[in-house]
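Topology and contacts: notes
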Amino acid sequence: MNKKKHILLVEDNRDDVDLTIMALEKCDIVNEVKVARDGDEALSMLYDTEEEPELPVLVLLDINMPKINGFEVLKEIRGNERTRRLPVVILTSSREVQDIHRGYDLGANSYIRKPVGFESFVEAVRNLGRYWLKWNESPV
Amino acid sequence: MESWLLIIRNVHDETILYEQLNQALQEIRKLNASLEQKVKDRTRELEATNRELEAFAYSVSHDLRAPLRGIDGFSLALLEKYGDQLDHKGKDYLNRIRAATRKMGSLIDDILSLSRIATASLQKKPVDITVMSRDIFQSLREKEPERAAEMHISDDVKVTGDPGLLRVAMQNLIDNAWKFSSQQDVIRIDIARERNGSETRIAIRDNGVGFNMKYYNKLFTMFQRLHSGREFPGTGIGLATVQRIVNRHSGRLWAESEVGKGSAFYMVLPDHTETSQE
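Residues numbered from 1 in each chain as written. Chains lettered and ligands numbered in written order. Predicted model: local features only at pLDDT ≥ 70, side-chain atom pairs only at ≥ 80, totals over all residues. Heavy atoms only, no water.

1. Side note on the domain arrangement of chain B
All names here are of chain B.
- Partitioning chain B into domains gives domain 1 (64–119) and domain 2 (125–277).
- The C-alpha-based centres of domain 1 and domain 2 are spaced at 30 Å.
- Domain 1 puts nine residues into the contact, and the matching count from domain 2 is 12 residues.
- When domain 1 packs against domain 2, the two sides together hide about 900 Å² of surface, and 73% of this comes from carbon and sulfur.
- Ranking the residues of domain 1 by area buried against domain 2 places Asp-110, Leu-114 and Ile-117 at the top, with a combined share of 63%.
- For the interface between domain 1 and domain 2, the tally reads zero salt bridges.
- Between the two partners, domain 1 and domain 2, sit one residue pair in polar contact (both at pLDDT 80 or more). (Domains from an automatic or database assignment. Contact = heavy atoms within 4.5 Å. Buried area = accessible area lost by both parts, 1.4 Å probe. Salt bridge = Lys/Arg side-chain N within 4 Å of Asp/Glu carboxyl O. Polar contact = N/O pair within 3.5 Å; in protein donor to acceptor, adjacent residues only side chain to side chain.)

As structure tokens, this is what we get:
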């Protein structure tokens, strides 16, 4: 049902981009993955096009990024009529309480701390995919 | 006549004495004021250092973990995609890289939680150590159901302290008791509330391998281990964490042991009722 819709991965670290795509592939998640290399790029991919761009089924959002960070992107997404219901999962290294609180306060749907071990990361991505791409009723 | 003179001299002396006293008093006040200022300055300095440490821990959590994920993930990718081009030794090296990466990941996590303990604000409440310990023990049993283990704890172990921090402390102590007794046929952990003179202590005893008191000064030091990682895995941060939690409560922590005869850990936490009597 959601298979054609893409996932927007907002991540500035190239290794993390590759690892996340590797993990998605491992979990047989076939949705196209569009990558924004920082918050600025994410915002232009969501808003700055001639015709209204198709919205992703899910946004995987890193926090620590140069220029515009993940929190600012999230704020923008929630503040915009067209994107405010978009499922956003924060996918980050931090487990600091202030980051978790801030993420939820700004309207994140979920907060996942990327584990160091790749197998655990694959497991997290598998659950993410199952939940958000299979079972969850998408608002889009 | 003479007695009058004596009185006058006495009054004169008293006036001098009074002036001297007054001067001394003023000096004490001045000293007090400068001392207070000093305390304020020091506190501000310490608070600044604390904030710096927090910022440091924060950046550690972000910046050191990311490369580790890369090392582990790409090592696994090598193994899976190019494994057929590697011999046994090559694969073994990659697996060792991965094991070391995970080890470093858990070290980072431990350092982080230790630094959180140092800066977390203390919320003191009545804490039921009995219930807490049974809960911790139960989850250890569930994790290793094949182990024979028993724990004895009296119903009355109650203290005043921060519930979250005390759980971390008890978790570490009971984990240790379990881990270092794992070579016994039956793991035996005893927790008791004991009266020792004017203070009440919590004693946590096990029937494990114990340790040599010669190395006691290393017991509560970060990253210091008294057993090899092959024998008993660990990062060497557990007891340093417990020590820090007890310090935050202005309590005392110590241990007694003998090789092969189990260990005993003792914890004294100042209690509300006891401090109000002082």
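2. A few points about the interface of chain B and chain A
- Contact with chain B, which involves 22 residues of that partner, is made by 22 residues of chain A.
- For the pair chain B and chain A, the summed buried surface comes to about 1900 Å²; carbon and sulfur atoms form 51% of the total.
- On inspection of chain B and its partner chain A, the count reaches four salt bridges.
- In this structure, the connection of chain B to chain A is made through seven residue pairs in polar contact (both at pLDDT 80 or more).
- Contributing elements (two or more residues each) for the side of chain B that touches chain A: α1 (2–63), α2 (65–82) and α3 (88–119) of chain B.
- Considering each element in turn, the side of chain B that touches chain A owes the most residues, 12 residues, to α2 of chain B.
- Of the residues that constitute the side of chain B that touches chain A, the class distribution is seven nonpolar, six polar and nine charged. (Helix = DSSP H or I, 4+ residues; strand = E, 2+ residues; numbered from the N terminus. Nonpolar A, V, L, I, M, F, W, Y, C, P; charged D, E, K, R; others polar.)

3. A look at the pairing of strand β5 (residues 199–206) of chain B
All names here are of chain B.
- Among the eight residues in β5, six count as buried, and that is most of the element.
- Direction of pairing for β5 relative to strand β7 (residues 263–268): antiparallel, over a ladder of four bridges. By the bridge assignment, Arg-205 is partnered in β7 with Ala-264. (Buried < 20%, exposed > 50% of the residue type's maximum accessible area, 1.4 Å probe, protein only. Pairing = 2+ DSSP bridges.)

4. Topic: the pattern of salt bridges
- Here the structure, examined in full by the defined rule, presents 26 salt bridges over all chains.
- Across the pair Arg-102 of chain B and Asp-72 of chain B runs a salt bridge, and its minimum N-O distance is 3.7 Å. Taken together, the residues Arg-102 of chain B in helix α3 and Asp-72 of chain B in helix α2 connect sequence positions 30 residues apart.
- Residue Arg-102 of chain B is classed as partly exposed on the basis of its relative accessible area, which comes to 38%.
- A salt bridge links Arg-134 of chain B to Asp-155 of chain B; the shortest N-O distance between them is 3.0 Å. Highlighted residues: Arg-134 of chain B in helix α4 (residues 129–143) and Asp-155 of chain B in the loop between β2 (149–153) and β3 (158–161), separated in sequence by 21 residues.
- On the basis of relative accessibility, which here comes to 56%, the residue Asp-155 of chain B falls in the exposed class.
- One salt-bridge network, in which partners are shared between bridges, spans Glu-11, Asp-16 and Lys-114 of chain A together with Arg-69 of chain B.

5. Points about the sheet that holds strand β1 (residues 7–10) of chain A
Residues and elements named next belong to chain A.
- Across the sheet, five strands lie side by side as β2-β1-β3-β4-β5; this open sheet has parallel pairing. Here the strands that pair on one side only, and so sit at the sheet edges, are β2 (33–36) and β5 (110–113). On average, each strand axis in the sheet is inclined to that of its neighbour by 20°, with strand direction left out of account.
- The pairing of β1 with β2 spans four bridges and is classified as parallel. Note that in β2 the partner of Ile-7 across the bridge is Val-33. (Axes fitted to C-alpha atoms, helices over the stretch in contact; angles between N-to-C directions.)

6. Some thoughts on the sheet that holds strand β6 (residues 252–257) of chain B
Residue and element names in this part refer to chain B.
- Ordered in space as β2-β4-β5-β7-β6, the five strands form an open sheet in which the pairing is mixed. Of all the strands in the sheet, the pair left with one neighbour each is β2 and β6. Here the average twist between neighbouring strands, direction ignored, is 15°.
- Along the sheet, α4 contacts β2, β4 (187–196) and β5; its crossing angle with β2, the most-contacted strand, is approximately 175°.
- Running over the sheet, helix α5 (residues 163–179) touches β2, β4, β5 and β7 and is turned about 135° from β4.

7. Details of the nonpolar core
- Met-170, Ile-189 and Ile-191 of chain B are the most contacted members of the largest nonpolar core, which has 37 residues in total.
- Listed by contribution, the elements that provide at least two residues to this core are α4, β2, α5, β4, β5, α6 (238–248), β6 and β7 of chain B.
- Per-element tally for this core: the top contributor is α5 of chain B, with eight residues.
- Counting residues in hydrophobic clusters, the runner-up holds 23 residues, among them Leu-19, Leu-91 and Leu-128 of chain A together with Leu-76 of chain B. (Core = buried A, V, L, I, M, F, W, Y, C linked by side-chain atoms within 4.5 Å.)

8. Focus on a nonpolar patch on the surface
- Among the surface-exposed residues, Trp-4, Ile-7 and Val-11 of chain B lie close enough to one another that they form a single nonpolar patch of about 330 Å² accessible area.
- For Ile-7 of chain B, the location among the structural elements is in helix α1. (Patch = residues over 30% accessible without salt bridge, like charges linked within 9 Å, V, L, I, M, F, W, Y side chains within 5 Å. Areas by Shrake-Rupley, 256 points an atom, 1.4 Å probe, with all protein chains shown as cover.)

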